[in-house]
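Residues per chain, in single letters:
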Amino acid sequence: MLRRVAVAAVCATGGKLWCEAGRELTALWRIRARGPCEDSAAARPLLPPTMPGRNKAKSTCSCPDLQPNGQDLGESGRVARLGADESEEEGRRGSVNNAGDPEIVKSPSDPKQYRYIKLRNGLQALLISDLSNMEGKTGDATDDEEEEEEEEEEDDDDDDDEDEDSGAEIEDDDEEGFDEEEEFDDDDEHDDDDLDTEDNELEELEERAEARKKTTEKQSAAALCVGVGSFADPDDLPGLAHFLEHMVFMGSLKYPDENGFDAFLKKHGGSDNASTDCERTVFQFDVQRKYFKEALDRWAQFFIHPLMIRDAIDREVEAVDSEYQLARPSDANRKEMLFGSLARPGHPMGKFFWGNAETLKHEPKRNNIDTHARLREFWMRYYSAHYMTLVVQSKETLDTLEKWVTEIFSQIPNNGLPKPNFGHLTDPFDTPAFNKLYRVVPIRKIHALTITWALPPQQQHYRVKPLHYISWLVGHEGKGSILSYLRKKCWALALFGGNGETGFEQNSTYSVFSISITLTDEGYEHFYEVAHTVFQYLKMLQKLGPEKRIFEEIQKIEDNEFHYQEQTDPVEYVENMCENMQLYPLQDFLTGDQLLFEYKPEVIAEALNQLVPQKANLVLLSGANEGKCDLKEKWFGTQYSMEDVENSWAELWKTNFELNPDLHLPAENKYIATDFMLKAFDCPETEYPVKIVNTPQGCLWYKKDNKFKIPKAYIRFHLISPLIQKSAANVVLFDIFVNILTHNLAEPAYEADVAQLEYKLVAGEHGLIIRVKGFNHKLPLLFQLIIDYLAEFSSTPAVFTMITEQLKKTYFNILIKPETLAKDVRLLILEYARWSMIDKYRALMDGLSLESLLSFVKEFKSQLFVEGLVQGNVTSTESMDFLKYVVDKLNFMPLEQEMPVQFQVVELPGGHHLCKVRALNKGDANSEVTVYYQSGTRSLKEYTLMELLVMHMEEPCFDFLRTKQTLG
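Nothing here was measured: the structure is a model prediction, and the numbers come from that model.

Student: Is there a simple way to explain the overall build of the protein chain in this structure?
Tutor: A count of helices and strands for the protein chain gives 27 helices and 21 strands. In the protein chain, buried positions account for 63% of the 968 residues. Looking at the protein chain alone, contacts between residues at least 24 apart form 84% of all its contacts between residues at least 6 apart. Within the structure as shown, the protein chain displays about 36,000 Å² of accessible surface, and the carbon and sulfur contribution to it stands at 51%.

Student: When you look at the sheet that holds strand β19 (residues 758-763) in this model, what are you seeing that I'm missing?
Tutor: Each strand in a sheet pairs with another by means of backbone hydrogen bonds, the pair being arranged parallel or else antiparallel. Read from one edge of the open sheet, six strands run β16-β17-β21-β18-β20-β19, paired in mixed fashion. Edge positions in the sheet fall to β16 (690-695) and β19, since each has one partner strand and no second. For this sheet the average axis-to-axis angle between neighbouring strands, irrespective of direction, equals 10 degrees. Strands in contact with helix α26 (residues 876-890) are β16, β17 (698-704), β18 (712-720) and β21 (865-872); relative to β17, the strand with the most contacts, it is inclined by about 155 degrees.

Student: Would you mind showing me how to read the pattern of salt bridges here?
Tutor: Opposite charge on two side chains makes pairing possible when the charged atoms of those side chains draw close. Applying the stated criterion across every chain yields a total of 36 salt bridges. The partner of D110 in a salt bridge is K112, and the shortest N-O contact between them spans 3.0 Å. You can call D110 buried: its relative accessible area is 4%. A salt bridge links E643 to R439, with the shortest nitrogen-to-oxygen separation between them at 3.0 Å. Separated by 204 residues along the polypeptide, E643 in strand β15 (residues 639-643) and R439 in strand β9 (residues 437-440) bring together distant segments of the chain. Exposure remark for E643: the relative accessible area of 28% places this residue in the partly exposed category. Among the charged side chains, a salt-bridge network with shared partners connects R463, D588, E598 and K600.

Student: Explain the sheet that holds strand β8 (residues 388-394) to me, please; I cannot follow it from the model alone.
Tutor: Read from one edge to the other, the open sheet built from six strands follows the order β3-β4-β8-β5-β7-β6, with strand pairing classed as mixed. Pairing within the sheet leaves two strands with one partner each, and these edge strands are β3 (113-118) and β6 (271-276). Going from strand to strand, the sheet's axes swing by 10 degrees on average, the running direction of each strand aside. Where strand β4 (residues 124-129) and β8 come together, six bridges link them in parallel fashion. Residue I128 lies in a different strand from β8, and its bridge partner there is Q393. With respect to the sheet, helix α4 (residues 240-247) is in contact with β6 and β7 (281-288), its orientation differing from that of β6 by roughly 165 degrees.

Student: What's the story with helix α10 (residues 371-382) in this structure? I'm lost.
Tutor: Note on helix geometry: an α-helix contains 3.6 residues per turn, so any two residues three or four positions apart are oriented the same way. With 12 residues, α10 extends 16 Å from end C-alpha to end C-alpha; this agrees with the ideal 16 Å at 1.5 Å per step. Turning to α10, its buried residues number three or more, namely T371, H372, L375, F378, W379 and Y382. For α10, the arc enclosing every buried residue in end-on projection is 120 degrees, short of the 170-degree limit, so these residues lie on one face. If you follow the buried residues of α10, they end up packed against β5 (219-226), α4, α6 (292-304), α7 (311-327) and α9 (357-366). By the N-cap criterion, in which a side-chain oxygen at the helix start approaches the backbone nitrogen of a residue two or three places on, α10 is capped by D370, the distance to H372 being 3.1 Å.

Student: Even after reading the chapter, I still don't get the packing of aromatic side chains, so can you show me in this structure?
Tutor: For any two aromatic rings, the description comes down to two numbers: the centre-to-centre distance and the angle of the planes. Under the criterion given, the structure shown has 48 aromatic pairs. Ring geometry for F783 and F882: centres 5.2 Å apart, planes at 85 degrees, overall edge-to-face. With a gap of 99 residues between them, F783 in helix α21 (residues 779-791) and F882 in helix α26 connect regions that are remote in the sequence. Note on F783: relative accessible area 1%, which makes it buried. A connected cluster of aromatic rings, assembled from ring pairs, spans F249, F261, F283, F285, F292, W299, F302, F303, Y383, W404 and F409. K445 extends its terminal NZ or CZ atom over the ring of F812, reaching a point 4.4 Å from the ring centre.

Student: Before we go on, may I ask you to explain α21 in this structure?
Tutor: Along its 13 residues, α21 runs 19 Å from first to last C-alpha, staying within 8% of the 18 Å computed at 1.5 Å per residue. Buried within α21 we find L779, L782, F783, L785, I786, I787, L790 and A791. Next to the buried residues of α21 lie β18, α20 (728-754), β19, β20 (767-775), α25 (850-862) and α26.

Student: Quick question: what am I supposed to make of the packing of helix α5 (residues 260-267) against α6 here?
Tutor: For any two helices packed against each other, one specifies the crossing angle of their axes together with the interaxial distance. With their axes 10 Å apart at the nearest point, α5 and α6 run at an angle of 160 degrees to one another. Judged on the interaxial angle alone, α6 and α5 are roughly antiparallel. Considering how the two elements wind past one another, α5 and α6 form a crossing that is left-handed. Of the residues in α6, those in contact with G260, F261, F264 and L265 of α5 are E294, A295, R298, W299 and F302. Partitioned by chemical class, the residues of the contact of α5 with α6 number six nonpolar, one polar and two charged.

Student: Would you mind going over the confidence of the model for the protein chain with me for this structure?
Tutor: When pLDDT drops low, the exact placement of atoms in the prediction is not to be read closely. Summary statistics for the protein chain give a mean pLDDT of 83 and a share of 81% for residues scoring 70 or more. Ignoring residues within four places in sequence, the model shows residues 2-95, a span with pLDDT below 50, making 357 contacts including any to other chains.

Student: Which parts of the structure should I look at to understand unusual backbone geometry?
Tutor: Across residues other than glycine, the phi torsion is negative in most instances, and most of the peptide bonds are trans. One non-glycine residue with positive phi stands out, namely D427, at about 50 degrees. For D427, the location among the structural elements is in the loop between α11 (398-409) and β9. The phi dihedral of K465 is positive, around 55 degrees, even though this residue is not glycine. Take K465: it is sitting in the loop between β10 (447-455) and α12 (466-474).

Student: Honestly, the pairing of β10 in this entry has me stumped. Any pointers?
Tutor: For a regular strand, side chains alternate in direction, first toward one face of the sheet and then toward the other. Counting buried positions along β10 gives eight out of nine residues, so the element sits mostly inside the fold. The sheet contact formed by β10 and strand β13 (residues 617-622) spans six bridges and is antiparallel. Bridged to I451 within β13 is L618. In this structure, β10 lies alongside strand β12 (residues 511-519), joined through eight bridges in antiparallel fashion. When the sheet's bridge partners are listed, A454 is paired in β12 with V512.

About the criteria used
- Residues numbered from 1 in each chain as written.
- Predicted model: local features only at pLDDT ≥ 70, side-chain atom pairs only at ≥ 80, totals over all residues.
- Heavy atoms only, no water.
- Helix = DSSP H or I, 4+ residues; strand = E, 2+ residues; numbered from the N terminus.
- Buried < 20%, exposed > 50% of the residue type's maximum accessible area, 1.4 Å probe, protein only.
- Contact = heavy atoms within 4.5 Å.
- Areas by Shrake-Rupley, 256 points an atom, 1.4 Å probe, with all protein chains shown as cover.
- Pairing = 2+ DSSP bridges.
- Axes fitted to C-alpha atoms, helices over the stretch in contact; angles between N-to-C directions.
- Salt bridge = Lys/Arg side-chain N within 4 Å of Asp/Glu carboxyl O.
- Expected span 1.5 Å × (residues − 1).
- Arc of directions from axis to C-beta.
- Polar contact = N/O pair within 3.5 Å; in protein donor to acceptor, adjacent residues only side chain to side chain.
- Phe/Tyr/Trp six-rings, centres within 6.5 Å; stacked < 30°, edge-to-face > 60°.
- Lys NZ or Arg CZ within 6 Å of the ring centre and 35° of its normal.
- Parallel < 35°, antiparallel > 145°, perpendicular 65-115°, else oblique.
- Left-handed = near helix turned anticlockwise from the far one by under 90°.
- Nonpolar A, V, L, I, M, F, W, Y, C, P; charged D, E, K, R; others polar.
- pLDDT = per-residue confidence, 0-100.

Structure representation (structure tokens):
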């Protein structure tokens, strides 16, 4: 699969009190100490810790030579133009010319206006005015008008609730940000939130409801990127950049309350976050619009005059250390630290970016280092305005935003010093230690092979994106691909190839190209053959050279997605944009990380020709390496061994070895949309989906898009059966069935996936959930393909064995994580007739046969109730064809009686009850505490009051547990 990385940020400045409510009798309040990468106020899914040197996918290397329009705008650029009186007066008149900069290329479907300015202190800012649905209101609308507007928006947002669901790849976006550990399973069922899919469905709706509060345009957002990161850490204080990112938020001269900013955001429905990458540090927040200016002022003080009082240092060191401890059980983080240690001495990649209590507290004390003084020095040296890029987005005019930004952010000091540049430290991995085979003992049960090359930095080729072109082909899953061949051999389950564009994988000193393959047990035994298959494919690409047809196909798909892009969460958008400003010229701020602009085969060939066996680093993860690894990485304690590549293979790879005739380029993609016409209504418009078909075999809900007006559709079908929950063995057979069906579809459906037609199969607690989303033109082809493979389901003994063995690892990996084990135990206590993960693991270990699977699937398909939803640019007549196709193709009988699709919940007896569970991973120092209050059935008003109580409690709980007690 083409690597689509969405790596989380690494630290934040607030807490989280979770609310899981919605079962008929329950409401859950769950206090969790926040690990790295979480928002302070928003109830978002808990993300695993990731390396401080990593950020989201779209962040690439720091490139100090690329300024907007290739020049220092200074006085010739657009400097603050309107005075305060002018801006406010124009806002009151309501007749503001809100035209943005024509130089900035934006999507035709993007209603926002953009303006670039450069302040006198050198800070560069992008102003984003989103007046869509404003009906002529300006920044001076009254509170009553705004409240009325927000109510209307909340109503409107109900329409697109489902459409926000990604329904993305079948393989996991696993905890490692596309590492190898759980790509096998659908993340709705087997990742750490997947112990109960119906519970997941409920939580998903709750998370989206929470997200709806944040993603409506009433939320204003800002992000600031400092063009300095962990590469600038001093050698005697590892992790100082990450630590400073924490400390600047501990109060300011103007607003000295240590937790004041988080409390302000929480009170006004906002959140904040921050992350430290190799060459950048990013801060972002969002808040309700009418509090945006005050929030900007409070936030800006952290860059103008942060207090960073000495008394707070010890407490905040413990918070950094907690993040480090949370990160240690992650195999991806462990691999990164091991990889970084291979860099030549003196290169910053070998530094310990996380920082912990030892490096920031105990060792400095032993060496008489004043950490507080060094923090202030680091801030004064590197937090300079001319290193900073700022993005603000709100429902204000551009003139109003310019006035605010100029007034507030011009106070950030500029030290006049040149920005640190590491671009001269080239070829950091041109060392004997790199081109070796590393055997690594992972935390989880997994076999995986990662092949990595270190290339010269590729950022300057962003208009060609050579690594994107190569990863498109290497990660392909259709006929003739690496993964197709390996799957037929039953050697591999998943493959991710490319460059994640994180600071770790791409910066000013190098770019990484890696191919990560999840292996079966048999694949582990043949890992050299697996590597040889990869090298054969790359050699084939090198021999053929770049193909213009392939490039234009990729270009067309990316162009389509950009042209009809959907609006994203403002806080995520501004975060991405402030990093883009560090990387691309003005006209490409919005497009530089998305589009392919120029076909230059020589640039692609130059990168491609470096991907040869002699320059590759091989990392083999497997529990079978236990006892064979005599080395230990310093910071994460990873056990590993280093050895030369087996001589017979090393000699073969030096020769002109033969190509594999089964490997070839993909055929032309038939799923790329070409018809983007909006369809006319063939029935009355409705505010919500309405049931247009209702038969004993199924029902269909339908809603024509009348809000977004884009040529896309969303389809969701639930094939409900009482058979699944009859025994733990049946639940496991259903898991196996869905995973084999996913495996069978991987090759034929891959072209649809890369053409932005997303699909997902979920093994729900009471049935199979099928989600399909994308451009409506070719969407029926993909849906029919899925139903065809479901109707004609089959499996070979080899595939059955491969899937069941991997499922054993998946169940085990769920059980060793404290948070997922705790959830499983909680739901086991609360829900009647629930089969626990232990039950499922035992049933699987007892042994199941292919014959029992095929018998189960036949019975499952014989009697069903199908419930569907079709929404978007589809007519009601077309939507009915989807249900008809399911019914006709599967030819099933209706259920004898209606069945519920949720478990009945136990009413807990009064009093306090304590359940203690010993974690199964002795090497994991982290704990999970769940506090559950059962409310019973309540009115809407009472549920709302509980939500308000949760919001009120959240910030003080975080402040006490994390900031003061440093418990997580």
